[in-house]
Amino acid sequence: MSALLGRLDWSYLPSDPVTIGAAIGMPLALLFIVAAVTYYKKWKYLWKEWIITTDAKKIGVMYGIVAIVMLLRGGADALMLRAATALGGPGGTQLFDTDTFQQVFTAHGTIMIFFVGMGLMFALFNIAVPLMIGARDVAFPFLNSMSFWLFFAGMILVNAALIFGGFSNGGWLGYPPLTELQYNPGPGVDYWIWSLQIAGIGSLLSGVNFFATIIKCRAKGMNLMKMPIFVWSVLVTTVLIMISFPMLTASLGMLSLDRLAGMHFFTSDGGGNPMMYINLIWAWGHPEVYILVMPAFGIFSEVVATFAKKRLFGYKTMVIALIAIMFLSFVVWQHHFFTMGAGANVNAFFGIMTMVIAIPTGVKLFNWIFTMYKGRIDFKAPMVWFMCFALTFTIGGVTGVLMSIPAIDFQVHNSMFLVAHFHNVIIGGVLFGYIAGLTYWFPKIFGFRLHDGLGRWSSYFWVVGFMLAFLPLYALGLMGAVRRLDHYDDPAWIPFFVVSAVGVIVIGIGVALFVLQIVYSVWKRKTLKDTTGDPWDGRTLEWSVPSPAPHYNFAIDPVVSRIDEWWYQKQDGLQAPRAEDYKDIAVTKNTPLGFMIGMAAFVLGGALIWHIWWLAIISFIAIVLFAIARTMDDFTEHTIAAKDVMRMDMEARS
Amino acid sequence: MNDVELKRDKVQLGFWLYIMTDCMLFASLFATYMILRGATNGGPGGDELFSLTFVLVETVILLTSSYLCGIANLALRHGKRKEFFATFGLTIALGIAFLAMELTEFSHLISEGHGPATSAFLSAFFTLVGLHGAHIAVGILWALVLAWALYRQGSNEDLQRKFGLFSIYWHFLDVVWIFIFTIVFALGVA
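Residues numbered from 1 in each chain as written. Chains lettered and ligands numbered in written order. Predicted model: local features only at pLDDT ≥ 70, side-chain atom pairs only at ≥ 80, totals over all residues.

Caption draft 1: Spotlight on the overall build of chain B. Broken down by element type, chain B carries 6 helices and 0 strands. Mapped from its N terminus to its C terminus, chain B presents α and β elements in the order α-α-α-α-α-α. Each principal axis of the C-alpha atoms in chain B carries an extent, and together these give about 60 × 30 × 25 Å. Buried residues in chain B amount to 32% of all 190 residues. (Helix = DSSP H or I, 4+ residues; strand = E, 2+ residues; numbered from the N terminus. Buried ≥ 20, exposed ≤ 12 C-beta atoms within 10 Å, placed from the backbone.)

What follows is the structure, encoded as structure tokens:
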């Protein structure tokens, strides 16, 4: 331990070939990006247009880019895991050592949930919500920028672990006492704690922000029951975020106090109670999976109505179902550890509550099917993603209900069956939903569509790969294979693991096609250009503005009188805007303070991981000072004159 | 509703939402404390460590501070500069006094060998009460920044709005303290 560098020294650099490769590759990629930005003289552009921006759409795009890059990282982890299990049978070879295997599955889970799932979710919130409710921006644009940079700081910490010191080996939820100092003295668990803590606070603030946005910034006439269902799904999601994320902050906080200050919350000695942590983290963790999936439900509600050219079936039941799921998601957490020994009555309660969730979820699925019934369905890529979702998510839902029965859960607890189940709902529900959403709203932000054929092919590979990769895991789970296992003695398991590994490769082709779709569409952006602003013949307000949407969103404040306002306006015949309709618009100024707070939080996290106390104090003070500087700044907005708005709007529409 | 009113409205709602999330944070720690309060690891429990009279003095100080904060809020709105600074100054001073007493209590416990690392019960105690103390410290810093701004700029609508938010925060900490007083100290001694 040195006062200057804490416990950081050369011995923490990676020593095994797999991580050395990654540890060399990542800085090289970073260096390449820096060189490219410098060569094309884009630093100023990057700073002024992106880093300091408070425009929700641009923040959404940055969330999206980070999330897609992280999808590649998490996907590479998945490939490594399945390669290891395919070769890890009797007479096979061990691809890398068990500790590395543990770090890889921890990183895979952490990255996929926090930086891919949450990242894509906030990308779509930022892109779609203000436009759909007829708002200029979110309620608190500065807070939004700060949330993104906190998310970004957490993302760097997760990836920095690859180079300095290694990541946690405690699984994506870091169960103590394994993650306590006694069993895990190195910096790995601290990386996990602080990256999640920082990104989690960003998510919490975003939850507050979008709730306030939906409550306070809706267009005139849009009461709650006239909002698009996606906005409803975001509203209930933000309620879940606001209630559950403080519990994550508290549980991670207590775990870090155990590790930093020698406390005894969850240790196996000193009176600590590890099961308390597991209760707390799942009281957050179960709502968290609904936080991820409910916006996906919202997206599909928009997609299905748009591409079936019909009003959504059962709007009110959709809203009731969302609210029901919101409440139920807080009374099921204990089903993650029926084996704790809480007793038959407690287990029965949580088991029944879990089964009950299937009812509102089933209502939603039938609503989508009835929306399609007798519709003129246009099978564009987002709609194909919906079909893939309906298939896979239903399987995942059914296996979930199966496991909600405590007696069965005792058999499959912590087995590959569980792994198959939650990938079934997270990939089949969340990921398919978000990719559909990205494809659907892409033209609104960039002004050109994504290539449809490549998108559809990507979904075919995804869904086939998914079935190959995860259906064998159900069988393996029933045969007794536990999760997080890198080698085994039963030769009968080998074929299943090999098929699963092949499935991951097929999914990899799907991911490659998705990336190719973006690259090809950028290349062919002239032919894919969206000239109307309404490429799908949409129903909601975001399609009433030109593509790409101007940074003030709406040149004229929209007025709403019914659900699917834009669709009926088109039916009634649109009127050209008059000059007196244009008003001055106040826009929030850009500010670097969000970025600076995010970077200071990154330094604070790094300092706490490596026990560099002086740096931790300095960066903490810096955060406080930046926050005070923001509250003292009284001139945070600038005005665009009505005549300029009119000129820009005419140009965009011509 | 004009732009200024809309902005005030949004910030007001946003701040209440933040307060709700803070409630959840404290709720998690209260739950943990309730689970762990018997886990004394063979050491002393709350009945041997807590002095109810000392905590009662702390409570009175904090409640008075909160009351004066309300008076200061009224004085500010009615443009009574002198009364405002007198009551707000006392609000801050009592806040500092509360924090000083809490730190004294903490250092006393630690020097007696009952630090947060001795048992799960004491970990939970120090963290729950300490988190409240940290909130008080943030509040004092916020109050000083506000007082400085009000001293320099004089009263205006924007600063009155900000003061209103501070006042919500300060009262909220009072409510949390009532729960700490009841659940940690009163129940701990009983």
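Caption draft 2: Examining the overall build of chain A more closely. Along its length, chain A carries 19 helices and 2 strands. For 654 residues, the compact-globule estimate of 2.2 N^0.38 gives 26 Å, and chain A sits close to it at 25 Å. Projecting the C-alpha coordinates of chain A onto the three principal axes gives extents of approximately 75 × 60 × 50 Å. The buried share of chain A, reckoned over its 654 residues, is 54%. Put simply, 84% of the contacts in chain A that link residues at least 6 apart link residues at least 24 apart. (Rg over C-alpha atoms; globule rule 2.2 N^0.38 Å. Contact = placed C-beta atoms within 7 Å.)

Caption draft 3: Broad picture of the packing of helix α3 (residues 52-77) of chain B against helix α6 (residues 157-189) of chain B. All names here are of chain B. At their nearest, the axes of α3 and α6 sit 10 Å apart, and the two run at 165 degrees to each other. On the basis of their axis angle, the class for α3 and α6 is roughly antiparallel. The interaxial crossing formed by α3 with α6 has left-handed handedness. Across from Leu52, Val55, Thr59, Leu62, Leu63, Ser66, Cys69, Gly70, Asn73, Leu76 and Arg77 in α3, the residues of α6 making contact are Gln160, Phe163, Gly164, Ser167, Trp170, His171, Asp174, Trp177, Phe181, Phe185 and Val189. Looking at the contact of α3 with α6 residue by residue, the class counts come to 12 nonpolar, 8 polar and 2 charged. (Axes fitted to C-alpha atoms, helices over the stretch in contact; angles between N-to-C directions. Parallel < 35°, antiparallel > 145°, perpendicular 65-115°, else oblique. Left-handed = near helix turned anticlockwise from the far one by under 90°. Nonpolar A, V, L, I, M, F, W, Y, C, P; charged D, E, K, R; others polar.)

Caption draft 4: Layout of α6(B). Residue and element names in this part refer to chain B. If you check α6, its first and last C-alpha atoms are 47 Å apart, about what 33 residues at 1.5 Å a residue would give, namely 48 Å. Along α6, the sharpest change in direction is near 30 degrees and occurs at Phe181. The secondary structure elements touched by the buried residues of α6 are α1 (3-36), α2 (46-49), α3 and α5 (120-153). (Expected span 1.5 Å × (residues − 1). Bend = angle between axes of the 7 residues up to and from the residue.)

Caption draft 5: Representation of the environment of B:Gly188 within the structure. All names here are of chain B. Checked against the element boundaries, Gly188 lands in helix α6. What makes Gly188 buried here is the crowd of 20 C-beta atoms within 10 Å. Separated by 31 residues in sequence, Gly188 and Glu157 have C-alpha atoms that sit 45 Å apart. Setting aside residues no more than four positions away along its own chain, Gly188 makes contact with Gly46, Asp47 and Phe50.

Caption draft 6: Representation of the interface of chain B and chain A in the model. Of the residues lining the interface, 30 residues belong to chain B; the matching set on chain A comes to 31 residues. Contributing elements (two or more residues each) for the side of chain B that touches chain A: α1 and α5 of chain B. When residues of the side of chain B that touches chain A are assigned to their parent elements, the largest contribution, 16 residues, is made by α1(B). A class-by-class count of the residues in the side of chain B that touches chain A yields 17 nonpolar, 9 polar and 4 charged.

Caption draft 7: A look at the nonpolar core. Residues and elements named next belong to chain A. Counting residues in hydrophobic clusters, the biggest one holds 246 residues, and the most contacted among them are Phe115, Leu124, Val231 and Phe300. For this core, the element with the most residues is helix α4 (residues 98-132), which contributes 22 residues. Those residues within four positions of Phe300 in sequence are excluded, and the remaining contacts are Trp368, Phe386, Phe389, Gly433 and Ala436. (Core = buried A, V, L, I, M, F, W, Y, C linked by C-beta atoms within 7 Å.)

Caption draft 8: Summary view of the confidence of the model for chain B. On average, chain B scores 94 in pLDDT, and the residues at 70 or more come to 99%. Prediction confidence for the complex, expressed as pTM and ipTM, is 0.96 and 0.95 respectively. (pLDDT = per-residue confidence, 0-100.)

Caption draft 9: Structural view of the environment of A:Val104. With respect to the helices, strands and loops of the structure, A:Val104 is situated in helix α4. With 20 residues separating them along the chain, A:Val104 and A:Leu124 place their C-alpha atoms 28 Å apart.

Caption draft 10: Spotlight on unusual backbone geometry. Residue and element names in this part refer to chain A. For the peptide bond that leads from Pro176 to Pro177, omega is 5 degrees, which places it in the cis range. Relative to the elements of secondary structure, Pro177 occurs in the loop between α5 (141-160) and α6 (188-216). Of the consecutive residues Ser547 and Pro548, the connecting peptide bond is found in the cis state with omega at -10 degrees. In this fold, Pro548 is placed in the loop between α15 (494-523) and α16 (565-572). One non-glycine residue, Arg484, lies in the positive phi region at around 60 degrees. Of note, Arg484 is situated in the loop between α14 (452-479) and α15. For Arg484, a count of 16 C-beta atoms within 10 Å translates into the label partly exposed. For Asp564, which is not a glycine, the phi torsion comes out positive at approximately 55 degrees. As for its position among the elements, Asp564 is in the loop between α15 and α16.

Caption draft 11: Highlighting α4(A). Residues and elements named next belong to chain A. The first and last C-alpha atoms of α4 sit 48 Å apart over 35 residues, in line with the 51 Å expected at 1.5 Å per residue. Along α4, the sharpest kink reaches roughly 35 degrees, centred on Ile111. Of all 35 residues in α4, 30 are buried; the element is thus mostly enclosed. A positive phi of about 75 degrees marks Gly134, the residue just after α4.

Caption draft 12: Layout of the packing of α4(A) against α5(A). Residues and elements named next belong to chain A. Packing of α4 against α5 leaves a shortest axis separation of 11 Å and a crossing angle of 160 degrees. Judged on the interaxial angle alone, α5 and α4 are roughly antiparallel. In the packing of α4 onto α5, the handedness of the crossing is left-handed. Between α4, through Ala107, Thr110, Ile111, Phe115 and Gly119, and α5, the contact on the second element is made entirely by Phe151, Met155 and Val158. Taken together, the residues of the contact of α4 with α5 sort by class into 6 nonpolar, 2 polar and no charged.

Caption draft 13: The environment of A:Ala78, seen in detail. Residues and elements named next belong to chain A. Tracing the chain through its elements places Ala78 in helix α3 (residues 56-87). Given 20 C-beta atoms within a 10 Å radius, Ala78 is considered buried. When the C-alpha atoms of Ala78 and Ile505 are compared, they prove to be 9.7 Å apart, with 427 residues separating the residues in sequence.

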